[in-house]
Amino acid sequence: MLTTRQPVLRRFWYATHRIDDLASGPKPFTLLGEKIVLFLDSSGEPAALMDRCCHRTARLSKGWCKGDLIVCGYHGWAYDRTGALIEVPQFSPEQIVPRIGVQAFHCVARYGYAWVCLGEPLGDIPEMPEDANPGYRRIQQFHEVWKTAPLRLMENSFDNAHFSFVHKSTFGQISQPVPEKYEISETDYGFEAETIVEINNPPPAYRITGTDAPTTKRHMRNKWFMPFCRRLDIEYPSGLRHIIFNCATPVDDGTLHLAQILYRNDSEADCPTDALIAWDAAILEEDRDILEATDFDATVDMKRKVEAHMPSDRPGMIMRRRLLQLLRDHDEEEISEARPAVAMPDMPAFQQASGEIGP
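The text that follows walks through the structure, step by step, so that each part is easy to find. (Residues numbered from 1 in each chain as written. Predicted model: local features only at pLDDT ≥ 70, side-chain atom pairs only at ≥ 80, totals over all residues. Heavy atoms only, no water.)

Let's talk about the nonpolar core
Part 1 of the reasoning: Core analysis: the biggest nonpolar cluster contains 78 residues, and Leu38, Trp115, Val116, Phe228 and Leu323 have the highest contact counts within it.
Part 2 of the reasoning: The residues touching tryptophan 115, leaving out its near neighbours within four places in the chain, are Trp13, Tyr14, Ala15, His106, Cys107, Val108, Arg110, Ile125, Cys229, Phe245 and Cys247.
Part 3 of the reasoning: By size, the runner-up hydrophobic cluster in this structure holds 14 residues, among which are Val37, Phe39, Cys53 and Ala58. (Core = buried A, V, L, I, M, F, W, Y, C linked by side-chain atoms within 4.5 Å. Buried < 20%, exposed > 50% of the residue type's maximum accessible area, 1.4 Å probe, protein only. Contact = heavy atoms within 4.5 Å.)

Okay, structure coming up:
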């Protein structure tokens, strides 16, 4: 699926820039191939416009903020958060400003990010109740660009079979390649998935997990929010909760912006932010290295048999089925240029090589 060519994906909310990063002025962002500019109004609320002045098409992200307005750095034309042209400095006071402007997009602040929806929203931003719970602290972990597709990251997040291999240097047990199964319940927004897995617990993870035992267990109660958000809720036997919220924001067909927020029910004294970021950074880098080695055109129509599957792929297969149904519910078909990775070997040669028949 080529994300920029599926119009319905423009009707979902995506995390873009952190609010704190917008305090210094307008910032550009590319969302589903659309070049936008993010800025804060005088009350500190984010706004999103097409990153293009209607005068000479200069990028508004090259300008600055003035009160509630964003000012183009080329000739000083200024726009409000609705995209309406408000000021033309070359006009005399008695001249009427033309009733023109640039396209504006839905934009709200949530969890420390500016969230943008390019079309009419089909739903709300996923709820994270811990964000308002004083028993939890919010840690802004990662704000990165990856060269892969959002679906690749989403299905990887629920793929227990990759732990033993991709994460063999952190928590994975390569001697235990058979993954635990998820209990999955589909919902209107995606699905909920629960399982318990045993993991390695090396010294750098002791304060993360709350134990110095060589192994421990993760009780995972996870959620997938269509199309590209997930909640990874890990509870350790120590009672520690390690809750990660991701938005895999599609930049273009082969690029995503990863927003990762962590919630913990302990204190900075118990486990400092630097240690939490360092541990999860090592795990993320393992994922990134392998996901950037996959084809970004991840096919959602499994009948095309572009990729092979196994039973532990069930969460990702549900994602693909639900996304394909989403497209069809909005009178779309999947647009994909993926070439099959599946090929049938020459059977006599294959059987001979495998010992099924003699030379």
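What to know about the pairing of strand S4 (residues 46-50)
Part 1 of the reasoning: Counting buried residues in S4 gives 4 out of 5 residues, a clear majority hidden from the surface.
Part 2 of the reasoning: Of the strand pairs in this sheet, strand S3 (residues 34-40) and S4 are connected by 5 bridges, and their pairing is antiparallel. Within the sheet, the bridge partner assigned to valine 37 lies in S4 and is leucine 49.
Part 3 of the reasoning: Note that S4 and strand S9 (residues 104-110) share 2 bridges and pair antiparallel. Within S9, the position partnered with leucine 49 by the bridge is alanine 104. (Helix = DSSP H or I, 4+ residues; strand = E, 2+ residues; numbered from the N terminus. Pairing = 2+ DSSP bridges.)

As for the pattern of salt bridges
Part 1 of the reasoning: Going through the model one piece at a time under the given rule, you end up with 27 salt bridges.
Part 2 of the reasoning: A salt bridge links aspartate 131 to arginine 138, with the nearest nitrogen and oxygen atoms 2.9 Å apart.
Part 3 of the reasoning: Taking relative accessible area as the criterion, arginine 138 reaches 39% and is therefore assigned partly exposed.
Part 4 of the reasoning: For glutamate 268, the salt bridge goes to arginine 137, with nearest N and O atoms at 2.9 Å. Of this pair, glutamate 268 sits in the loop between strand S17 (255-264) and helix H5 (273-291) while arginine 137 sits in strand S11 (residues 137-146), and the two are 131 residues apart along the sequence.
Part 5 of the reasoning: When its relative accessible area of 41% is taken as the criterion, glutamate 268 is described as partly exposed. (Salt bridge = Lys/Arg side-chain N within 4 Å of Asp/Glu carboxyl O.)

Topic: the packing of aromatic side chains
Part 1 of the reasoning: Enumeration according to the criterion identifies 6 aromatic pairs in this entry.
Part 2 of the reasoning: Between tyrosine 189 and phenylalanine 225, the ring centres sit 4.9 Å apart and the planes meet at 25°, which makes this aromatic pair stacked. One end of the pair, tyrosine 189, is in the loop between strand S12 (183-186) and strand S13 (190-200); the other, phenylalanine 225, is in strand S14 (residues 215-225), with 36 residues separating them in the sequence.
Part 3 of the reasoning: Of the residues examined, tyrosine 189 reaches a relative accessible area of 25% and is grouped as partly exposed.
Part 4 of the reasoning: Overall, the relative accessible area of 9% leaves phenylalanine 225 in the buried class.
Part 5 of the reasoning: Through successive ring pairs, a cluster of aromatic residues spans Phe158, Tyr182, Phe191 and Trp224. (Phe/Tyr/Trp six-rings, centres within 6.5 Å; stacked < 30°, edge-to-face > 60°.)

With respect to the layout of surface pockets
Part 1 of the reasoning: In this model, the largest pocket occupies a volume close to 460 Å³.
Part 2 of the reasoning: As for the largest pocket, its lining consists of 21 residues, and the residues nearest its centre are Arg152, Glu155, Asn156, Asp159 and Asp313.
Part 3 of the reasoning: Every element with two or more residues in the lining of the largest pocket is listed here: helix H2 (150-157), H5 and helix H6 (314-329).
Part 4 of the reasoning: A total of 4 residues in the lining of the largest pocket trace back to one element, the largest contributor, which is H6.
Part 5 of the reasoning: As a volume, the second largest pocket reaches approximately 330 Å³.
Part 6 of the reasoning: Lining the second largest pocket are 17 residues, with Phe12, Gly123, Asp124, Tyr189 and Met226 sitting closest to its centre.
Part 7 of the reasoning: In terms of residue class, the lining of the second largest pocket is made up of 13 nonpolar, 1 polar and 3 charged. (1 Å grid on protein atoms, 1.4 Å probe; cavity = no way out; pocket = protein on both sides within 12 Å on 5 of 7 lines; lining within 4 Å. Points joined across faces, edges and corners; volume = space filled by probe spheres on them. Nonpolar A, V, L, I, M, F, W, Y, C, P; charged D, E, K, R; others polar.)

Observations concerning empty space enclosed by the protein
Part 1 of the reasoning: Counted under the stated rule, the structure contains 2 cavities of 30 Å³ or more.
Part 2 of the reasoning: Along its surface, the largest cavity is lined by 23 residues, and Arg218, Arg230, Leu232, Ile283 and Asp287 are the ones closest to its centre.
Part 3 of the reasoning: Breaking the lining of the largest cavity down by element, the ones donating at least two residues are H2, S14, strand S15 (229-235), strand S16 (241-252) and H5.
Part 4 of the reasoning: Here the lining of the largest cavity takes 5 residues from H5, the largest share from any one element.
Part 5 of the reasoning: Together, Thr299, Asp301, Met302, Lys305, Val306, Glu307, His309 and Arg320 line the second largest cavity.

What about the sheet that holds strand S2 (residues 27-31)?
Remark on secondary structure: sheet strands pair via backbone hydrogen bonds, oriented parallel or antiparallel.
Part 1 of the reasoning: Taken together, the 6 strands give an open sheet; going across it, the order is S1-S10-S9-S4-S3-S2, and neighbouring strands pair in antiparallel fashion. Each edge of the open sheet carries a strand with a single partner, namely strand S1 (14-18) and S2. When strand polarity is set aside, the average angle formed by the axes of neighbouring strands in this sheet is 35°. (Axes fitted to C-alpha atoms, helices over the stretch in contact; angles between N-to-C directions.)

A few points about the side chain of threonine 255
Part 1 of the reasoning: Along the chain, threonine 255 turns up in strand S17.
Part 2 of the reasoning: There is a polar contact of 2.8 Å between the side chain of threonine 255 and the side chain of lysine 147.
Part 3 of the reasoning: When neighbours within four sequence positions are excluded, threonine 255 is seen to be in contact with Val145, Trp146, Lys147, Thr148, Thr249 and Pro250. (Polar contact = N/O pair within 3.5 Å; in protein donor to acceptor, adjacent residues only side chain to side chain.)

Description of the sheet that holds strand S5 (residues 64-66)
Part 1 of the reasoning: The strand order across the open sheet formed by 4 strands is S5-S6-S7-S8, and the pairing between neighbours is antiparallel. Edge positions in the open sheet fall to S5 and strand S8 (85-87), since each of these has one partner strand only.
Part 2 of the reasoning: Relative to S8, strand S7 (residues 78-79) runs antiparallel, the two being bridged by 2 bridges. Note on S8: the bridge partner recorded for tyrosine 79 is leucine 85.

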